[in-house]
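As a plain string of letters, each chain reads:
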Amino acid sequence: QANVLEHDGVKLTINGSVNMRVTKKAVGVLEAMFSNIKPVPLIRQVVELTPPGKSFVRGRTEVPFSVPLAPLSSGPGVLYETYHGVNVNIQYGVNVEMMRGHFSGGNISTGVVEFVMENQRSDPGET
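Visitor: Run through the overall build of the chain, naming residues and quoting values.
Guide: If you tally the helices and strands in the chain, you get one helix and eight strands. Taken from N to C terminus, the helices and strands of the chain fall in the order β-β-α-β-β-β-β-β-β. Counting over 127 residues, the chain shows a buried share of 25%. Accessible surface, the chain: about 9300 Å² in total, of which carbon and sulfur atoms supply 55%.

Spelled out as structure tokens, the structure:
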């Protein structure tokens with residue numbers, strides 16, 4: 001049993017948002033200090049990759065998955081391409097977490113790993 005890793009499920013969480021920044025050059029110093037621009041959520045999906053009870057052999061385990069991405073209905077309804085600009089950031093991240101009891105060492109997480117979103121164009125001549 002020392003080679004077996006017990007868990008209470010493995011879940012994948014996908015998040016994406018638009019984050020805006022106000023620079024001191026764009027507005028006055030006071031406005032920049034007191035402006036509060038909240039991120040605009042684009043996507044939040046949680047997918048169970050492995051149900052509770054299935055154990056893994058210690059070491060590297062690959063769990064193949066495929067997730068169709070769908071924008072939040074409460075957001076703008078579209079998934080924009082990843083963008084890192086001066087005043088705007090559009091970014092997406094994925095986190096995988098293995099739930100475990102406190103006596104088993106607690107949950108294990110990958111931390112957030114950023115991924116790039118690119119929209120495919122149907123017509124090669126389309127801009």
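Now that the structure has been shown, we can carry on.
Visitor: So what's going on with the environment of V57? Residues and values would help.
Guide: When you line up the elements, V57 lands in strand 4 (residues 56-57). Using a relative accessible area of 58% as the deciding quantity, one classes V57 as exposed. Expressed as a C-alpha distance, the spacing of V57 and E6, which sit 51 residues apart in the sequence, is 8.9 Å.

Visitor: Can you break down the nonpolar core residue by residue, with the values?
Guide: For soluble globular proteins, the rule of thumb is that nonpolar side chains tend to be buried together. Ranked by size, the top nonpolar core spans 15 residues in total, and within it L42, L79 and Y92 carry the most contacts. For this core, the secondary structure elements donating two or more residues are strand 2 (10-20), strand 3 (40-50) and strand 6 (88-98).

Visitor: Describe the pairing of strand 6, naming the residues involved and giving the relevant values.
Guide: The pairing of strand 2 with strand 6 spans 11 bridges and is antiparallel. Bridge pairing links L12 to V96 in strand 6. Where strand 5 (residues 83-84) and strand 6 come together, two bridges link them in antiparallel fashion. Its bridge partner lying in strand 6, H84 is registered against N89.

Visitor: Could you give an account of the pattern of salt bridges, with specific residues and numbers?
Guide: Taken as a whole and judged by the stated rule, the model has one salt bridge. Residues R60 and E62 are paired through a salt bridge, measuring 3.5 Å at the closest nitrogen-oxygen approach. The two residues R60 and E62 agree in class, both being exposed.

Visitor: An account of the environment of E97 is requested, with residue identities and associated values reported.
Guide: In this structure, E97 sits in strand 6. Residues E97 and K11, 86 residues apart in the sequence, show an inter-C-alpha distance of 5.5 Å. Aside from chain neighbours lying at most four places away, what touches E97 is G9, V10, K11, N107, I108 and S109. A distance of 3.2 Å separates the side chain of E97 from the side chain of N107, its partner in a polar contact.

Visitor: How would you explain the packing of aromatic side chains if you had to name every residue and give the values?
Guide: Evaluated as defined, the whole model comprises one aromatic pair. For the pair Y92 and F115, a centre-to-centre distance of 5.8 Å together with 35 degrees between the ring planes defines the contact as tilted. With Y92 in strand 6 and F115 in strand 8 (residues 113-115), the pair connects residues that are 23 residues apart, well separated along the chain.

Visitor: Before we move on, can you summarise the side chain of T13 with the specific residues and values?
Guide: You can see T13 is positioned in strand 2. Aside from chain neighbours lying at most four places away, what touches T13 is R44, Q45, V46, G93, V94 and N95.

Visitor: Break down the environment of G85 for me, citing the residues and quoting the values.
Guide: Structurally, the position occupied by G85 is in the loop between strand 5 and strand 6. Residue classification places G85 among the buried positions, given a relative accessible area of 16%.

Definitions and limits used
Residues numbered from 1 in each chain as written. Predicted model: local features only at pLDDT ≥ 70, side-chain atom pairs only at ≥ 80, totals over all residues. Heavy atoms only, no water. Helix = DSSP H or I, 4+ residues; strand = E, 2+ residues; numbered from the N terminus. Buried < 20%, exposed > 50% of the residue type's maximum accessible area, 1.4 Å probe, protein only. Areas by Shrake-Rupley, 256 points an atom, 1.4 Å probe, with all protein chains shown as cover. Core = buried A, V, L, I, M, F, W, Y, C linked by side-chain atoms within 4.5 Å. Pairing = 2+ DSSP bridges. Salt bridge = Lys/Arg side-chain N within 4 Å of Asp/Glu carboxyl O. Contact = heavy atoms within 4.5 Å. Polar contact = N/O pair within 3.5 Å; in protein donor to acceptor, adjacent residues only side chain to side chain. Phe/Tyr/Trp six-rings, centres within 6.5 Å; stacked < 30°, edge-to-face > 60°.

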